[in-house]
Amino acid sequence: MAHKLAFVGFGGVGQGLAEIIKNKGSWLKETFGVDFKIVSIADLYKGSLHHPEGLDIQAVLETLNKDGTLDSYPARDGLIRDWDSLTTIERSNADTMVEITFTDVNTGQPAIDHCKKAFVSGKNAVLTNKGPVALAYKELKNMAEKHNVQFMFEGTVMSGTPAIRMPLTSLAGNDVREIRGILNGTTNYVLTRMETGMEFKDALKEAQDKGFAEADPTSDVEGYDVLYKVIILANVIMNGDITKEDVSCKGISNVTAKDIDQAREEGKKWKLIGRIKKENGTIHASVGPEKISEEDPLAGISGALNAVTYECDLSGPVTLIGAGAGIPETGFALLIDLINMERASL
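Not measured: the values here are computed from a predicted model.

(A) The arrangement of the pairing of strand β1 (residues 3-8) in detail. Taken across its six residues, β1 has six buried, putting it largely inside the fold. Residues H3, L5 and F7 point to one face of β1 and K4, A6 and V8 to the other, with burial holding for every one of them. Inspection of the sheet shows β1 paired to strand β2 (residues 36-43) by six bridges, in the parallel sense. When the sheet's bridge partners are listed, A6 is paired in β2 with S40. Following the backbone out of β1, through helix α1 (residues 12-32) and into the adjacent parallel β2, one traces a crossover that is right-handed.

Quick look at the structure:
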């Protein structure tokens, strides 16, 4: 039986996942026994579609490419247009809501309300938005359990790199005592370029020109993006209960070329580090630029790559390196959550 999906939000990541399902659907079914069918799409700007028997993905993508909306998607018996997001979640016959809206990370909305509506409607939720997990993880987890549905969010920390699933599964049995990570590609790119002699503002401009940094880079360079990822790792991997007020946060905007040179003389490199440490049952978390030894695995992470080290009592330190952003990578993060959700139901 097909696993039916409702997409709430249909920007680049949603379209990327739709492409994956279209192109790899037969292979996924043959290899993993999973059959995904998109029955609903709701996007604030592009419009909405629902058909209980499934939408034609090729026609959806062609319609979007033509005029940027879903308005000219071919009519057929049973097709419903113009449901808003909450109506789509409630009334769709989907098994799972894929939540990929643009969400205010300070409030977690509208994604938090979308997740709650999904759970009370008996639907699983898969998302890449950091806000709901950082701000309301325990509430949403408990709500999902109460309604016997699943809440999955691999893509919230390092996109398609399994920064959440790996420690929960492959490192199970360890006491993870500390987590240290480079969790933002923009700041790592800027610091890497500064090592070549560039000034901060020039390195940031280059990052923006290459698409690594937003027009407003505040969330990246001031460390806020990493702050939310640190909260997620602390609460999900270490079973903590911290909020953003518990995390000291400092960005890289005050790191100078002189600082870079001084670190080089000491055999060190500047990195923006998200750090979580468990001591006597208490979790301490911080975000800030640190000089780390060139022998540290994180020191060798250059450009826009991300990396995280888990300090474990049995296996010792384990470092995971990979892309922390990107449309194909984030689409994959959603896909692997969906595949694992299906595996768990077998």
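Next comes the rest of the account.
(B) Structural context of the environment of T319. Mapped onto the secondary structure, T319 falls in strand β13 (residues 316-323). Along the backbone, T319 and G181 are 138 residues apart, and their C-alpha atoms lie at a distance of 9.0 Å. Setting aside anything within four residues of it in sequence, one finds T319 in contact with P297, L298, V308 and T309. Of note is the side chain of T319, whose polar atom sits 2.7 Å from the side chain of T309.

(C) Geometry of the side chain of D225. With respect to the helices, strands and loops of the structure, D225 is situated in helix α11 (residues 224-237). A polar atom in the side chain of D225 sits 3.0 Å from the side chain of K229. Those residues in contact with D225 that sit more than four places away from it in its chain are K130, L183, N184, S219 and D220.

(D) Up close: the nonpolar core. One finds F119, F151, I179, I276 and Y310 to be the most contacted residues of the largest nonpolar core, which totals 66 residues. Here this core gets ten residues from one element, more than from any other, and that element is α11. When near neighbours in sequence (up to four residues on either side) are disregarded, I179 contacts L233, I237, M238, G274, R275, I276, V308, T309 and Y310. Grouped together as the second largest cluster of nonpolar side chains are 31 residues, F7, I41, L55 and I339 included.

(E) Main features of the sheet that holds strand β9 (residues 247-249). Strand order in the open sheet made by the six strands is β9-β11-β10-β8-β12-β13, with mixed pairing throughout. The two strands at the open ends of the sheet, each matched to only one other strand, are β9 and β13. The mean angle between the axes of side-by-side strands here comes to 20°, regardless of whether they run parallel or antiparallel. Bridging between strand β8 (residues 176-182) and strand β12 (residues 305-312) involves six bridges; their strand directions are antiparallel. Each bridged residue has a counterpart across the sheet, and for G181 the counterpart in β12 is V308. Contacting β8, β10 (268-279) and β12, helix α8 (residues 185-194) runs over the sheet at an angle of about 145° to β10. Relative to the sheet, α11 contacts β8, β9, β10 and β11 (282-293), its axis offset from that of β10 by approximately 35°.

Reading guide: rules and limits
- Residues numbered from 1 in each chain as written.
- Predicted model: local features only at pLDDT ≥ 70, side-chain atom pairs only at ≥ 80, totals over all residues.
- Heavy atoms only, no water.
- Buried < 20%, exposed > 50% of the residue type's maximum accessible area, 1.4 Å probe, protein only.
- Helix = DSSP H or I, 4+ residues; strand = E, 2+ residues; numbered from the N terminus.
- Pairing = 2+ DSSP bridges.
- Right-handed = clockwise from strand over helix to strand, strands pointing away.
- Contact = heavy atoms within 4.5 Å.
- Polar contact = N/O pair within 3.5 Å; in protein donor to acceptor, adjacent residues only side chain to side chain.
- Core = buried A, V, L, I, M, F, W, Y, C linked by side-chain atoms within 4.5 Å.
- Axes fitted to C-alpha atoms, helices over the stretch in contact; angles between N-to-C directions.

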